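# Observations on the model geometry
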Amino acid sequence: MSVDGMLILTRSAPYGSSAARDALDVALTCSVFEQPVTLLFLDDGVFQLMKDQSPGDIAQKNLNAVQQSLPLYDIERLCVGKSSLERRGLSGDDLILPVEIVDDSSLPALLAQYRHVLSI
Amino acid sequence: MIFSIVVQAPPVQSQGAETALRFARAVLAAGHHIHRVFFYRDGVHNGSALSCTPQDESNIPQQWQALAKEHNLDLVVCIAAGVRRGVVNEQEARRYKREQWNLRDAFELSGLGQLVEACIQSDRVVTFGGRS
């Protein structure tokens, strides 16, 4: 069994709901409390990390700005589901930050590395 | 075992909040301890004192309040999520120059740090109403 820290699992597109922003807020708070935290992006959640977002037209704040601050908060492990990425025609090069691309078969082992998993 | 429960589901529009309530009762009935119930995102509406339901339907916020009183539970509404949605106590109402407030007795407003602290203190953290 596990271990330490928290894994935040986020599966929603960046805009259209507040999920992406709410997940980031929890991640940043974990960091403030010096809890090791990893973000796992699955399904439409992979769109959260796309470069060059311009949500100003729909009166939303650009997530990229907060995402780029994640390393400053020692949130450096960002995991992305491989099949989620591929099904959407994306690769790691399309993303704003370096990520760890995780096979579907490796997901259970990844989840097991954390004491708690929060889905947002 | 020490549990904490995270409720992201609003009380009426989805089943998640009632499921969380049932889960909380089951955890207590099995002799476990609930460190905290943390209400986040639209789950903050569980903390409204103004919800009214028809007599033959259950009033989920009222049931949280009753369960908290019976078992001395710590019910925490995320302050940032609550202020955005208009679920506030008197102190926050004054801070934001509002003339009304509506946080139900037995709930308190506090920050996301209370969620993280709950994770640190608890053996199990169970989320209801995630992914929307």
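Residues numbered from 1 in each chain as written. Chains lettered and ligands numbered in written order. Predicted model: local features only at pLDDT ≥ 70, side-chain atom pairs only at ≥ 80, totals over all residues.

### Here we look at the overall build of chain B
- Scanning chain B from terminus to terminus reveals five helices and five strands.
- Rg of the C-alpha trace for chain B: 14 Å, near the compact-globule value of 14 Å for 132 residues, within the 12% margin.
- Taking the principal axes of its C-alpha atoms as reference, chain B extends roughly 45 × 40 × 30 Å.
- Classification of the 132 residues of chain B by burial places 46% in the buried group.
- Here the contacts in chain B between residues at least 6 apart in sequence split such that 75% fall between residues at least 24 apart. (Helix = DSSP H or I, 4+ residues; strand = E, 2+ residues; numbered from the N terminus. Rg over C-alpha atoms; globule rule 2.2 N^0.38 Å. Buried ≥ 20, exposed ≤ 12 C-beta atoms within 10 Å, placed from the backbone. Contact = placed C-beta atoms within 7 Å.)

### As for the interface of chain A and chain B
- Each side of the interface is counted separately: chain A has 17 residues, and chain B has 13 residues.
- For the side of chain A that touches chain B, the secondary-structure elements that each account for two or more residues are helix H1 (19-32) and strand E5 (116-119) of chain A.
- With six residues, H1(A) is the single largest residue contributor to the side of chain A that touches chain B.
- Partitioning the side of chain A that touches chain B into residue classes produces seven nonpolar, seven polar and three charged. (Nonpolar A, V, L, I, M, F, W, Y, C, P; charged D, E, K, R; others polar.)

### Side note on the sheet that holds strand E2 (residues 33-39) of chain B
Residue and element names in this part refer to chain B.
- Taken in spatial order, the five strands line up as E4-E3-E2-E1-E5 in an open sheet, and their pairing is parallel. The two strands at the open ends of the sheet, each matched to only one other strand, are strand E4 (107-110) and strand E5 (124-128). Neighbouring strand axes in the sheet, compared pairwise and without regard to direction, differ in orientation by 25 degrees on average.
- When strand E1 (residues 2-7) meets E2, the two strands line up parallel, connected through six bridges. Of the residues in E2, the one forming a bridge with Ser4 is Arg36.
- Against the sheet, helix H1 (residues 16-29) engages E1, E2 and E5, with an angle of about 170 degrees to E1. (Pairing = 2+ DSSP bridges. Axes fitted to C-alpha atoms, helices over the stretch in contact; angles between N-to-C directions.)

### Some thoughts on the environment of Gly43(B)
All names here are of chain B.
- Tracing the backbone shows Gly43 in the loop between E2 and helix H2 (60-71).
- Along the primary structure Gly43 and Gln100 are separated by 57 residues, whereas in three dimensions their C-alpha atoms are 20 Å apart.
- Those residues within four positions of Gly43 in sequence are excluded, and the remaining contacts are Val7, Gln8, Ala9, Pro10, Ala17 and Gly129.

### Section: the confidence of the model for chain B
- For chain B, the average pLDDT comes to 97, and 99% of its residues sit at 70 or higher.
- Under the prediction, the complex receives an ipTM of 0.94, its pTM being 0.96. (pLDDT = per-residue confidence, 0-100.)

### Re H1(B)
Residue and element names in this part refer to chain B.
- With 14 residues, H1 ought to run about 20 Å at 1.5 Å a step, and its terminal C-alpha atoms sit 20 Å apart, in line with that.
- Within H1 the residues assigned to the buried category are Gly16, Ala17, Ala20, Leu21 and Ala24. Along the axis of H1, the buried residues cluster in a sector spanning 145 degrees; they form a single face. With respect to the buried face of H1, the exposed residues turned more than 90 degrees away are Ala26 and Ala29.
- Looking at the packing, one finds that the buried side of H1 touches E1, E2, H2 and E5.
- Positive phi shows up at Gly31, right after H1, with a value of about 90 degrees. (Expected span 1.5 Å × (residues − 1). Arc of directions from axis to C-beta.)

### A few points about the sheet that holds E5(A)
Residue and element names in this part refer to chain A.
- Across the sheet, which stays open at both edges, the five strands sit in the order E4-E3-E2-E1-E5 with parallel pairing between neighbours. Strands at the two margins of the open sheet, each flanked by one partner only, are strand E4 (100-102) and E5. Across this sheet, the average inter-strand angle for adjacent strands is 25 degrees, counted without regard to direction.
- Note: strand E1 (residues 6-10) against E5, four bridges, orientation parallel. Of the residues in E5, the one forming a bridge with Met6 is His116.
- Most of the contacts of H1 go to E1, to which it runs at about 170 degrees, and overall it touches E1, strand E2 (37-41) and E5.

### A look at the packing of H1(B) against H2(B)
All names here are of chain B.
- Packing of H1 against H2 leaves a shortest axis separation of 10 Å and a crossing angle of 15 degrees. Relative to H2, the element H1 lies roughly parallel. The crossing of H1 and H2 is left-handed. Across the interface between the two elements, Ala17, Glu18, Leu21, Ala24, Arg25 and Leu28 from H1 touch Ile60, Gln63, Trp64, Leu67 and His71 from H2.
- Of the residues in the contact of H1 with H2, the class split is seven nonpolar, two polar and two charged. (Parallel < 35°, antiparallel > 145°, perpendicular 65-115°, else oblique. Left-handed = near helix turned anticlockwise from the far one by under 90°.)

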